[in-house]
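So you can see what is in the structure, the chains are spelled out below.
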Amino acid sequence: MEGKDSPKTAGKPIRCRAAVARKAGEPLVIEEVMVAAPKAHEVRIRIICTSLCHSDVTFWKLKDPPGYFPRILGHEAIGVVESIGEDVDGVTEGDTVIPIFLPDCGECVDCKSTKSNLCSKLLFEVSPWMHGDETSRFTDLKGQALYHFLYVSSFSEYTVVDIAHVVRVDPAIPPNRACLLSCGVSTGVGAAWRTANVEAGSTVAIFGLGAIGLAVAEGARLCGASRIIGVDVNSDKFEIGKKFGVTDFVNPASCKDKSSGEQVIIEMTGGGADYCFECVGLASLVHEAYACCRKGWGKTVVVGVDKPGARLNFSSFEVSNQNLIFPSLLNVTWTRNCSWMNLLHTREVSPMRYLDEPMSLLGKRTL
Ligand SMILES: [Zn+2]
Ligand SMILES: [Zn+2]
């Protein structure tokens with residue numbers, strides 16, 4: 001689908017290209033698909049930029065539910081509203097929007113609360129369908145339905161999203177950075193800023209300096225942490241981490257064993273870090289992070305998500321020593337007036353510098 005959106009396309013299916021995951025773990029296939037017109041409470045979005053989150057990779061590999069195929073993955077994106085369905089308020093054609101995998105109906109007690117962002121009206125599940133009628137808006141050219149992913153499915157030139165999953169943003173926001181606000185950056189910054197509420201002058205240890213861990217460093221830096229220790233088996237991450245506020249680095253692979261690595265951090269922080277963040281998604285690493293946290297007032301925040309079925313194993317005595325916190329996904333309260341998005345944008349949160357140059361996902365023609 002080339003050129004500007006035209007009112008002629010409103011209410012009709014659009015034929016465009018998408019990267020389709022046909023089978024678990026197999027390369028995505030660039031193919032033409034049909035994207036149905038939005039139904040009530042839905043908008044159709046022309047995707048400008050999308051990014052790859054590790055959760056896309058996790059679900060791409062999953063052979064069994066909640067892995068479903070053929071599926072259009074992708075849940076970090078920014079785009080422009082091409083057309084709207086019935087009963088859509090607050091967003092109109094031409095608006096720049098960021099689709100968000102967590103719904104915000106704006107009406108239920110949870111969405112109205114500042115304590116949670118887990119909507120109790122539109123439940124968050126890794127569903128292969130749209131909310132409401134539990135069907136797909138995508139079909140391939142043979143008429144086979146293509147499954148949705150996290151209510152976003154942004155690896156397509158066009159997608160249909162429920163209005164509860166859309167945040168309108170300032171169109172001046174650089175699109176190749178803004179798409180990261182859909183998930184990774186908000187999760188990490190929010191974990192430090194909103195979930196842990198890191199205090200000025202405190203010490204922080206971050207286990208795993210991927211995109212989420214770097215965003216946690218950014219959040220901790222914004223909160224005024226005095227020491228931010230990055231923990232990663234790749235020593236190259238230290239230089240990258242410095243840009244986001246990391247002040248010290250520990251490579252556990254260079255330590256004699258696991259407990260000596262933990263001891264290094266405990267000594268560096270004079271008894272354990274005030275805040276530890278697990279940002280890899282490994283149950284075993286949660287235990288390591290917890291061991292490096294200060295007894296008494298320390299808080300260990302579990303940001304990473306291990307594979308389904310992974311278990312943590314803490315004794316009740318252990319967890320009586322300090323806080324173990326499981327944030328609710330994005331850690332922030334989204335509002336459709338995009339206060340959070342614009343706050344990130346205007347405070348020039350440095351994960352906005354994450355990317356170098358964007359690539360074209362679908363070949364020569366850009367989205
Ligand atoms: Zn994600
Ligand atoms: Zn709600």
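Structure first, text after, so check above.
Fair warning: this is a prediction, and the values are worked out from it, not measured in the lab.

The next thing to look at is the overall build of the protein chain. Counting its regular elements, the protein chain contains 10 helices and 15 strands. For the protein chain, buried positions account for 47% of its 367 residues. Across the protein chain, contacts joining residues at least 24 apart in sequence account for 69% of those joining residues at least 6 apart.

On to unusual backbone geometry, then. Going from Pro65 to Pro66, the amide bond is cis rather than trans, its omega being 10°. Mapped onto the secondary structure, Pro66 falls in the loop between α1 (54–61) and β4 (76–84). Note that the residue after Phe69, namely Pro70, is joined by a cis bond; omega there is -5°. Even without glycine at this site, Ser153 takes up a positive phi of about 50°. Tracing the chain through its elements places Ser153 in the loop between β7 (145–146) and β8 (158–162).

Our focus in this paragraph is the pairing of strand β3 (residues 42–51). Within β3, 10 of the 10 residues are buried, which leaves the element mostly enclosed by the surrounding structure. For β3 and β4, the ladder comprises eight bridges, and the chain directions are antiparallel. Note that in β4 the partner of Arg44 across the bridge is Ser83.

Let us look at the sheet that holds strand β13 (residues 275–278). As summarised here, the arrangement of the six strands in space is β12-β11-β10-β13-β14-β15, forming an open sheet in which the pairing is parallel. The sheet is open, and its two edges are formed by β12 (248–250) and β15 (323–325), each paired on a single side. For this sheet, the mean angle separating the axes of adjacent strands, direction not counted, is 20°. Two elements, strand β10 (residues 203–207) and β13, share four bridges in a ladder whose sense is parallel. If you follow Phe207 over to β13, its bridge partner there is Glu278. Lying over the sheet, helix α8 (residues 283–291) contacts β10, β13, β14 (299–302) and β15, oriented at roughly 170° with respect to β13.

Most often, soluble globular proteins keep nonpolar side chains buried together rather than apart. Ranked by internal contacts, the top residues of the largest apolar core, which has 93 residues, are Val204, Ala205, Ile206, Val216, Cys276 and Phe277. Counting residues per element, this core draws most heavily on helix α5 (residues 211–222), at seven residues. Summarising the domain contributions, this core has at least three residues from each of domain 1 (7–183 + 332–353) and domain 2 (187–325). Not counting chain neighbours up to four residues away, the residues in contact with Ile206 comprise Gly213, Val216, Ala217, Ile228, Ile229, Gly230, Val231, Phe277 and Cys279.

Scoring rules and cut-offs
- Residues numbered from 1 in each chain as written.
- Chains lettered and ligands numbered in written order.
- Predicted model: local features only at pLDDT ≥ 70, side-chain atom pairs only at ≥ 80, totals over all residues.
- Helix = DSSP H or I, 4+ residues; strand = E, 2+ residues; numbered from the N terminus.
- Buried ≥ 20, exposed ≤ 12 C-beta atoms within 10 Å, placed from the backbone.
- Contact = placed C-beta atoms within 7 Å.
- Pairing = 2+ DSSP bridges.
- Axes fitted to C-alpha atoms, helices over the stretch in contact; angles between N-to-C directions.
- Core = buried A, V, L, I, M, F, W, Y, C linked by C-beta atoms within 7 Å.
- Domains from an automatic or database assignment.

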